[in-house]
Amino acid sequence: MPRLDRYGLATRTIHGQQQRDPFGSPHMPIYDTTTFAFDDTASLREVGEGKKRGGFYSRYGMNPTLYALEDVLAGLEGAEAALSFSAGMGAISALLLAHGKKGVVGYGEIYGGTLGLMAKGLPSLGYPVDLVLDDEGDALERRLREGIGLVFVETPSNPTLAITDIEKLARQAHAHGALVVVDNTFATPVNQLPLPLGADLVVHSATKYLGGHSDLTAGAVMGTRALLEPIDWWRQSLGSAPSPQTASLLSRSLKTLSVRVAQHNRSAQTIAEALQSHAAVRRVHYPGLTSHPGHEVARRQMRGFGGMLTLELEADLSLTEKIAESLRWFALAPSLGGAESLVTQPRTTTHVDLSDEERQRRGISDSMLRLSIGLEDVEDLLEDLDQALRLA
Ligand SMILES: *Cc1c(COP(=O)(O)O)cnc(C)c1O
């Protein structure tokens, strides 16, 4: 099969697998297989030693259904290769275990699970970790000079959708020989490609937009083969490759990624603009608004602004809760990226474990609602938001 580098993202998501099914199925079927048989020892060794691609043992990720998925995942981010995982956290854990030994900086707002790993898990194994917010002057530069080996960033971040300039961060980190890892879950490769901007590795919770239907849990890491090799060792050791069933479902979902994300983008922009002037809304955080502090950088490094937006209401904690509960089409649920719209109150879900002071430092207010804009008709979503906001 030819490499598809020069073709568009939708074409690559549909035709990105490098090996055809031997029976001609247009997609790779589910090889619900734990082990694969060989004609002789020489062929077993060839595949086992990685000289030839083939089915071998599914915990190693050596299964045709996973290869087909990983070809597409690599093509999406313009990467040399990709590894699939049973969850986003599986991907992030393996990545940080493989490359974090010399020290990790969690830069800016970080997803709760990753934050827990950085605050508790990694330090308990002797990995140095620092959490640096992007308004702390030269804190990052100092850590880099001390020889920290990896900077981990999410952009847009959760829940304020803050934007980090990936190109600038990569230049700064590379000057000190550190790796840059971008969690691209919120943006998706449809909207943002961190690798051409200078990032070394991209990580995803495929549970969100890549899966897109709230029906699978998976993760992915994309980058060079050399950087993926030690991550693959951890994936095998932790047993965190996805099942062939999940890999197949995710491959199926990826075929519609570009049309889904384009619609998420359009609806979120429409809702952000409409709510900007709503009497019950103090502030809309959305990188597609010119009022967003990261808008200029976002315009440079993103092709679309995503389906996530956060509102700050003219309401206290309990009224904000009531407004969230009175939404009809937005389910009160702590995930994102699916066809169905979701709402969460960061104060009582994703950021509940932080002290009041820490929440304030991170810009998390009591009156915040984070919306994952789904694929319903945008007029229906706007009408629903308007009826709920009338409580304020
Ligand atoms: C959900 C999420 C994760 C964790 O992914 P799981 O699939 O739940 O393990 C990591 N990063 C971000 C930004 C997320 O939203």
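As annotated in an unreviewed UniProt entry, the protein carries the name Cystathionine gamma-synthase and is attributed to Halomonas litopenaei. Heading Cofactor (unreviewed entry) of the UniProt record for the protein holds this comment: "pyridoxal 5'-phosphate".

## What about a negative patch on the surface?
On the surface, D377, E379, D380 and E383 cluster together to form a negatively charged patch. Mapped onto the elements of the fold, D377 is located in the loop between β12 (368–372) and α15 (378–389). Judged by relative accessible area, which is 52%, D377 ranks as exposed.

## What to know about the domain arrangement of the protein
Often, the extent of an interface is quoted as the loss of accessible area upon association of its parts. Each assigned domain of the protein is listed with its residue range as follows: domain 1 (9–254) and domain 2 (257–389). For domain 1 versus domain 2, the distance between C-alpha centres works out to 27 Å. With 38 residues of domain 1 at the interface, the matching set in domain 2 holds 40 residues. Of the roughly 3200 Å² buried at the junction of domain 1 and domain 2 (both faces included), carbon and sulfur atoms supply 56%. If you look at where domain 1 meets domain 2, you find two salt bridges. For the pair domain 1 and domain 2, the interface holds 19 residue pairs in polar contact (both at pLDDT 80 or more). Every element with two or more residues in the side of domain 1 that touches domain 2 is listed here: α1 (9–15), α7 (166–174), α8 (188–191) and α10 (244–254). Broken down by element, the residue count for the side of domain 1 that touches domain 2 peaks at four residues, all from α8. Grouping the amino acids of the side of domain 1 that touches domain 2 by side-chain chemistry returns 19 nonpolar, 14 polar and five charged.

## Considering the sheet that holds strand β5 (residues 179–183)
Judged by pairing direction, the sheet is mixed, and its seven strands sit side by side in the order β1-β7-β6-β5-β4-β2-β3 without closing on themselves. Each edge of the sheet is formed by a strand with only one pairing partner; in this case those strands are β1 (81–85) and β3 (129–132). Between one strand axis and the next, the sheet turns by 20 degrees as a mean value, whatever way the strands run. Pairing between strand β4 (residues 150–154) and β5: five bridges, direction parallel.

## A word on the sheet that holds β12
Taking strand neighbours across the sheet as the criterion, the five strands line up as β8-β9-β12-β11-β10 in an open arrangement whose pairing is mixed. The open sheet has two free edges, formed respectively by β8 (281–285) and β10 (331–332), since each of these has just one partner strand. Bridging between β10 and strand β11 (residues 342–344) involves two bridges; their strand directions are parallel. Residue L332 lies in a different strand from β11, and its bridge partner there is V343.

## Remarks on the nonpolar core
Across soluble globular proteins, nonpolar side chains show a tendency to be buried alongside one another. Counting 42 residues, the largest nonpolar core has L73, Y107, L250 and L254 as its most contacted members. Top element by residues in this core is helix α3 (residues 64–77). It accounts for six residues. If we ignore the near neighbours within four places in the chain, the residues touching L254 are T13, L69, V72, L73, L76, L210 and R260. Listed in part, the 32 residues of the second largest apolar core include L289, M302, V343 and L385.

## Details of the packing of aromatic side chains
Under the defined criterion, the tally for this structure stands at five aromatic pairs. On the numbers, 5.1 Å between centres and 70 degrees between planes, the contact of Y57 with Y60 is edge-to-face. The class for Y57 is partly exposed, based on a relative accessible area of 34%. Judged by its relative accessible area of 25%, Y60 is partly exposed. The rings of F38, F56, Y57 and Y60 are connected pair by pair, giving a single aromatic cluster.

## Some details on the site of the ligand
The local shell around the ligand holds 14 residues, among which M89, D183, S205, T207 and K208 are the closest. In this structure, an oxygen atom belonging to the ligand sits 2.9 Å away from a main-chain N or O atom of G88. Between T207 and the ligand, the recorded distance is 2.6 Å, taken from a side-chain N or O atom to an oxygen atom. Here the ligand, which alone exposes 380 Å², has 91% of that area covered by the protein. Broken down by element, the residue count for the shell around the ligand peaks at three residues, all from helix α4 (residues 88–99). Of the residues contributing to the shell around the ligand, the split by class is seven nonpolar, four polar and three charged.

The rules behind the values
Residues numbered from 1 in each chain as written. Predicted model: local features only at pLDDT ≥ 70, side-chain atom pairs only at ≥ 80, totals over all residues. Heavy atoms only, no water. UniProt positions renumbered as here; feature names shortened; annotations may be inferred. Patch = residues over 30% accessible without salt bridge, like charges linked within 9 Å, V, L, I, M, F, W, Y side chains within 5 Å. Areas by Shrake-Rupley, 256 points an atom, 1.4 Å probe, with all protein chains shown as cover. Salt bridge = Lys/Arg side-chain N within 4 Å of Asp/Glu carboxyl O. Lys, Arg positive; Asp, Glu negative; His and termini not counted. Charge placed at Lys NZ, Arg CZ, Asp CG, Glu CD. Helix = DSSP H or I, 4+ residues; strand = E, 2+ residues; numbered from the N terminus. Buried < 20%, exposed > 50% of the residue type's maximum accessible area, 1.4 Å probe, protein only. Domains from an automatic or database assignment. Contact = heavy atoms within 4.5 Å. Buried area = accessible area lost by both parts, 1.4 Å probe. Polar contact = N/O pair within 3.5 Å; in protein donor to acceptor, adjacent residues only side chain to side chain. Nonpolar A, V, L, I, M, F, W, Y, C, P; charged D, E, K, R; others polar. Pairing = 2+ DSSP bridges. Axes fitted to C-alpha atoms, helices over the stretch in contact; angles between N-to-C directions. Core = buried A, V, L, I, M, F, W, Y, C linked by side-chain atoms within 4.5 Å. Phe/Tyr/Trp six-rings, centres within 6.5 Å; stacked < 30°, edge-to-face > 60°. Near = heavy atom within 4 Å.

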